[in-house]
Amino acid sequence: MMEENQALVAFAAISNQTRLRIIRLLVLAGADGRQAGVIARELDAAAPSRVSFHLRQLEQAGLIESRREGRSIIYSATFPALSDLVAFLMHDCCEGHCKVCDKAIALFAQCTGRPTKALVVS
């Protein structure tokens, strides 16, 4: 379970419009992630140096991770950290007695950023 201080760092990191947009782009990209230059282009007119600054902030908060592939740096969402952030908000829903939220938190924690077959939730 995410601690309050970790949640504060994560929320501070996404409290900027550009960083929030980056997170959403990387969630959409899934586990494959995106190159920094592609992220800058997708953000429309965002200077690559500004995007690099925002990527570093998100990486320091533990919400994204980078890996080198040849000469490129690929960024991807850290799905467990994002899941923990949602769980932090929803953990005590209905004084901790909400079976719907418990199921949602458990399912979200299984996300790997890879497509899966349709899942039926009962």
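Further up the page is the structure itself.
What counts, and where the lines are drawn
Residues numbered from 1 in each chain as written. Predicted model: local features only at pLDDT ≥ 70, side-chain atom pairs only at ≥ 80, totals over all residues. Heavy atoms only, no water. Pairing = 2+ DSSP bridges. Helix = DSSP H or I, 4+ residues; strand = E, 2+ residues; numbered from the N terminus. Polar contact = N/O pair within 3.5 Å; in protein donor to acceptor, adjacent residues only side chain to side chain. Contact = heavy atoms within 4.5 Å.

Here we come to the sheet that holds strand β2 (residues 64-69). The sheet built from three strands is open, its strands ordered β1-β3-β2 with antiparallel pairing. Edge positions in the open sheet fall to β1 (34-35) and β2, since each of these has one partner strand only. Here β1 pairs with strand β3 (residues 72-77) via two bridges, running antiparallel. The residue of β3 that forms the bridge with Arg34 is Tyr75.

Attention shifts here to the pairing of β3. Note that β2 and β3 share six bridges and pair antiparallel. Residue pairing in the sheet places Ser66 in a bridge with Tyr75 of β3.

Quick look at the side chain of Ser83 now. Within the secondary structure layout, Ser83 lies in helix α5 (residues 79-90). In this structure the side chain of Ser83 is engaged in a polar contact, spanning 3.3 Å, whose partner is the backbone nitrogen of Ala109. Beyond its immediate sequence surroundings of up to four residues, Ser83 is in contact with Ile105, Phe108 and Ala109.

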